[in-house]
Amino acid sequence: MDDRAAAFSRGGAFIANALLLVPDMLSGRLGPGTIDGIFVNHVHGVGELSADAFVLRLFRLSNTRGFIRAVSDVPDAFSRVQVEKVMQRCFLNDMEV
């Protein structure tokens, strides 16, 4: 078992990018069902086919109880249509301004 898998098994809070999480989730090193929640920074940059959206999809398909929180420091980047698309990509149901 490598260091990252051992750290995941101990639990705690981790800061990781999607390019690290995708192979770990697909290989079983990190089970999406063991994650309590995910914070997404710079959500305005999450594209439909991005690695971030894929991680969130893997997480939500295996874990219906965990939370997803997304933040953006560029509110001007959103129109109403863009907000709805980002919310769909990130599996978000509600928004706070």
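In this text, all values refer to a predicted model and were calculated from it rather than measured experimentally. (Residues numbered from 1 in each chain as written. Predicted model: local features only at pLDDT ≥ 70, side-chain atom pairs only at ≥ 80, totals over all residues. Heavy atoms only, no water.)

### Section: unusual backbone geometry
Part 1 of the reasoning: Its identity is not glycine, yet His 42 carries a phi of approximately 55°, on the positive side.
Part 2 of the reasoning: Counting through the fold element by element, His 42 comes out in the loop between strand E1 (37–40) and helix H3 (51–62).
Part 3 of the reasoning: Assessed through its relative accessible area of 41%, His 42 is described here as partly exposed.
Part 4 of the reasoning: One non-glycine residue, Phe 91, lies in the positive phi region at around 60°.
Part 5 of the reasoning: Within the fold, Phe 91 resides in the segment after helix H4 (80–89). (Helix = DSSP H or I, 4+ residues; strand = E, 2+ residues; numbered from the N terminus. Buried < 20%, exposed > 50% of the residue type's maximum accessible area, 1.4 Å probe, protein only.)

### Quick word on helix H2 (residues 18–27)
Part 1 of the reasoning: Those residues of H2 that sit buried are Ala 18, Leu 21, Val 22, Asp 24 and Met 25.
Part 2 of the reasoning: Looking at the buried positions of H2, the neighbouring elements they touch are helix H1 (3–10) and H3.
Part 3 of the reasoning: Positive backbone phi, approximately 90°, marks Gly 28, located one or two places after H2. (Contact = heavy atoms within 4.5 Å.)

### Examining the environment of Asn 63
Part 1 of the reasoning: Secondary-structure assignment places Asn 63 in the loop between H3 and strand E2 (67–70).
Part 2 of the reasoning: Asn 63 sits in the buried class, given a relative accessible area of 2%.
Part 3 of the reasoning: Along the backbone, Asn 63 and Met 87 are 24 residues apart, and their C-alpha atoms lie at a distance of 17 Å.
Part 4 of the reasoning: Contact partners of Asn 63, with chain neighbours within four places excluded, come to Pro 32, Gly 33 and Ile 35.

### Let's talk about the pattern of salt bridges
Part 1 of the reasoning: Tallying each qualifying case throughout the model produces 4 salt bridges.
Part 2 of the reasoning: Notably, a salt bridge pairs Arg 29 with Asp 2, separated by 3.6 Å at the nearest N-O pair. A residue pair is termed long-range when its members are at least 10 positions apart, and Arg 29 in the loop between H2 and E1 and Asp 2 in the segment before H1 qualify at 27 residues.
Part 3 of the reasoning: With relative accessibility at 32%, the residue Arg 29 sits in the partly exposed group.
Part 4 of the reasoning: Between Arg 29 and Asp 24 there is a salt bridge whose closest N-O contact spans 2.6 Å.
Part 5 of the reasoning: With relative accessibility at 0%, the residue Asp 24 sits in the buried group. (Salt bridge = Lys/Arg side-chain N within 4 Å of Asp/Glu carboxyl O.)

### Some thoughts on the nonpolar core
One broad rule of soluble globular proteins: the nonpolar side chains tend to lie buried together.
Part 1 of the reasoning: Met 25, Ile 38, Val 40, Val 55 and Cys 90 are the most contacted members of the largest nonpolar core, which has 22 residues in total.
Part 2 of the reasoning: Elements supplying a minimum of two residues to this core: H2, E1, H3 and H4.
Part 3 of the reasoning: No other element matches the 5 residues that H3 contributes to this core.
Part 4 of the reasoning: Residues in contact with Cys 90, not counting those within four places in the same chain, are Val 43, Val 46, Leu 56 and Ile 68. (Core = buried A, V, L, I, M, F, W, Y, C linked by side-chain atoms within 4.5 Å.)

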